Amino acid sequence: MKVTRIAYSARLNPGKYVALVEQARRLGRVRSEVWQRYGSTFGVGSGLRDRQVRDRWLADGTHVQFGVLANAWKETVRDAIADIAANMEAAKVDVRRAISRRTNDPGERKQMFIALRADQWASDPFLARQMRMHWKRGRNRTHDQIVVRADKYNTAVDGRGRLWLAVPGLEPRRMVRIPLSTTVTPTGTLRLILRSGRVEVHYQIDAAQMRSSQRPCGDRRLGVDKGYTEALTDSDGQPHGEQLGVLLSSESDRLKERNRRRAKLRSIANTAAQRGDHAKTHRITVNNLGTVKRDRQAARHRARVRTEIFTAVHKVVDKAATVIAEDLTTRFTSRKKHPKNINRRLAAWTKGVTAEALKSVSERRGSTLVPVNAAYTSQTCHQCGAFGRRSGDRFHCTRCGVVWQADVNAAINILHRAGDPDIALHTPHHKVKQILQDRTDRHRTRLPVQDSSPATTGRRAKHPNRSAKSNE
Ligand SMILES: [Zn+2]
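Presented here is a report on the structure given in the accompanying data block. (Residues numbered from 1 in each chain as written. Predicted model: local features only at pLDDT ≥ 70, side-chain atom pairs only at ≥ 80, totals over all residues. Heavy atoms only, no water.)

## Details of the sheet that holds strand E13 (residues 388-391)
Either a parallel or an antiparallel arrangement is found when strands of a sheet pair, and the pairing is made through backbone hydrogen bonds.
Point 1. Ordered in space as E13-E14-E15, the three strands form an open sheet in which the pairing is antiparallel. Looking along the sheet, the strands with just one partner apiece sit at the ends: E13 and strand E15 (403-405). The average undirected angle you get between the axes of adjacent strands in this sheet is 25°.
Point 2. The pairing of strand E14 (residues 394-397) with E15 spans three bridges and is antiparallel. Across the sheet, arginine 394 pairs through a bridge with glutamine 405, a residue of E15.
Point 3. On top of the sheet, helix H10 (residues 406-417) reaches E13, E14 and E15; it is set at about 85° to E15, its chief contact. (Pairing = 2+ DSSP bridges. Helix = DSSP H or I, 4+ residues; strand = E, 2+ residues; numbered from the N terminus. Axes fitted to C-alpha atoms, helices over the stretch in contact; angles between N-to-C directions. Contact = heavy atoms within 4.5 Å.)

Below is the structure:
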């Protein structure tokens, strides 16, 4: 398993930055060309490989127009083809669903799945039609990246202990030296991303080499509930990542206040423009409505929240060999990009980070992550199964009359879902409600339990005449 690491440039000479931006812009044209020519059914869709594209371009001289070094455009072609392939794979998810809807014959299904995986769908009319329908033709949007192969760069430490990275420029044998703000040397293929005057050096390392990967997991079985105040609460009742709520609400307040101020400044700038005072408009736009500081603050906040969430997940895995959690990876079907409300936007993003952390930490430390259907786990009592009322962080069971800490109650319910014989991962919401309702009703009317926990199911299977025997 690979993990991405990012190193940043420190006090980079503006001239060098401009040169790198120019290189990235030219490589962006290479990417656009690849998307334009091969980003469809007849290109990558027909199983085209980057090596073939390279050979074609070398033969017909396409590469000359870009004005970049050979290795730079070749690596860029490889990267762009990989992007197109990822774009196509996303469409295949929908096509697989369409196949399941079309036929119930397992043989026919399998044949279609295989054709899809091997990119041989063009010859099958149904598959070709489906792919055309679901694979929205994309275009290149990347104009600020340079991919550098492992043997094309070098690093050196200067007399003051500063790490320098030298990457190829636009001229042969003229390297661009970038000072880094870290002492950890990047390895493997590098992706340089140029953002607001700074170079981000993205590279991948093997997770097995990370210190946290060597820490063994615990031996327990725990359910966890994701929250807003705390990142996670486990079924023991222990909260993890308790700073999350404070981080999110202070960020939300800060954003609201900042957006209000920016809106006001923008309106002042507009009024000035209408009056013809363009100097003032320019001053405000440049000095007060810039994006560099804004983007850096956002990045810093994201890093803090990620650390809080990852630390919380590590704490859970310290205790558990099996972590049972709500399935957080459900695909968003809506086309809406970002919710307008800041709190909701932050919550949606936090959910994604939590899902990523649970998956990545489990894989690295060897614990098992069990995703379950979490429908109604925060609205039912873990003791008796009845629906209750939630107010703030309290859960009040109307039947037992007991008040639970809401997140703990939910975490215990999630733990139990892992062994639930009736509620599967994809059981629809309304069915889950019906099942829970039926269980409560049976309880109330004191009917014999038909099916509730795997333990009783197993016992009944072994002793089918249990009730008859007990009457003897
Ligand atoms: Zn109860």
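## Some details on the packing of helix H6 (residues 244-275) against helix H8 (residues 292-319)
Point 1. Remark: H6 packs on H8, axes separated minimally by 10 Å, with the N-to-C direction vectors making an angle of 165°. Classed by the angle they form, the pair H6 and H8 counts as roughly antiparallel. In this structure, H6 meets H8 at a crossing whose hand is left-handed. Between H6 and H8, the residues in contact are Leu244, Leu247, Leu248, Glu251, Arg254, Arg258 and Arg262 and Arg294, Gln297, His301, Arg304, Val305, Glu308 and Ile309, respectively.
Point 2. The residue makeup of the contact of H6 with H8, split by class, is five nonpolar, two polar and seven charged. (Parallel < 35°, antiparallel > 145°, perpendicular 65-115°, else oblique. Left-handed = near helix turned anticlockwise from the far one by under 90°. Nonpolar A, V, L, I, M, F, W, Y, C, P; charged D, E, K, R; others polar.)

## Topic: the packing of helix H1 (residues 14-38) against helix H3 (residues 70-102)
Point 1. For the pair H1 and H3, the least separation of the axes is 9 Å and the interaxial angle reads 45°. Taken together, the axis directions place H1 and H3 in an arrangement best described as oblique. Read as a crossing pair, H1 and H3 show a hand that is right-handed. Counting all contacts with H1, which are made through Gln23, Leu27, Val30, Arg31, Val34, Trp35 and Tyr38, the residues of H3 involved are Ala72, Trp73, Thr76, Val77, Asp79, Ala80, Ile81, Asp83, Ile84 and Asn87.
Point 2. Partitioning the contact of H1 with H3 into residue classes produces 11 nonpolar, three polar and three charged.

## Thoughts on the environment of tyrosine 228
Point 1. Residue position: tyrosine 228 is located in the loop between strand E8 (220-226) and strand E9 (232-234).
Point 2. Between the C-alpha atoms of tyrosine 228 and threonine 155, which are 73 residues apart in sequence, the distance is 43 Å.
Point 3. If sequence neighbours within four positions are ignored, tyrosine 228 has contacts with Leu244, Gly245, Leu248, Ser249, Asn343 and Ala347.

## What to know about the pairing of strand E3 (residues 154-157)
Point 1. Inspection of the sheet shows E3 paired to strand E4 (residues 163-168) by four bridges, in the antiparallel sense. Across the sheet, residue valine 157 finds its bridge partner in E4, namely leucine 163.
Point 2. Hairpin remark: E3 followed by E4, antiparallel, with five residues in the connecting loop; positive phi at glycine 161, about 80°.

## Concerning the coordination of the zinc ion
Point 1. Looking at the metal site, the zinc ion is ligated by Cys381 (SG), Cys384 (SG), Cys397 (SG) and Cys400 (SG), spaced 2.1 to 2.3 Å from it.
Point 2. Motif for the zinc ion, donor spacing along one chain: C-x2-C-x12-C-x2-C. A single burial state applies to cysteine 381 and to cysteine 384, both of which are buried. (Donors = N, O, S within 2.8 Å, 3.2 Å for Na, K, Ca; no water. Buried < 20%, exposed > 50% of the residue type's maximum accessible area, 1.4 Å probe, protein only.)

## Remarks on the pattern of salt bridges
Point 1. This model, assessed by the stated rule, comprises 29 salt bridges.
Point 2. Between arginine 439 and aspartate 422 there is a salt bridge whose closest N-O contact spans 2.9 Å. Placement of the pair is arginine 439 in helix H11 (residues 429-445) and aspartate 422 in the loop between H10 and H11, with a sequence separation of 17 residues.
Point 3. Overall, aspartate 422 belongs to the partly exposed group, its relative accessible area being 26%.
Point 4. Overlapping salt bridges, with partners in common, bring together Arg31, Asp79, Asp83 and Arg191 in one network. (Salt bridge = Lys/Arg side-chain N within 4 Å of Asp/Glu carboxyl O.)

## Regarding the sheet that holds strand E5 (residues 175-179)
Point 1. The antiparallel open sheet is built from three strands, whose spatial order is E3-E4-E5. What marks the edges here is a single partner per strand, and that holds for E3 and E5. Neighbour-to-neighbour, the strand axes of the sheet open up by a mean angle of 25°, direction not taken into account.
Point 2. As defined by bridge partners, E4 adjoins E5 across five bridges and the pair is classed as antiparallel. Looking at the pairing, alanine 166 lines up with arginine 177 of E5.
Point 3. Those strands touched by H1 are E4 and E5, and its axis lies near 120° from that of E5.

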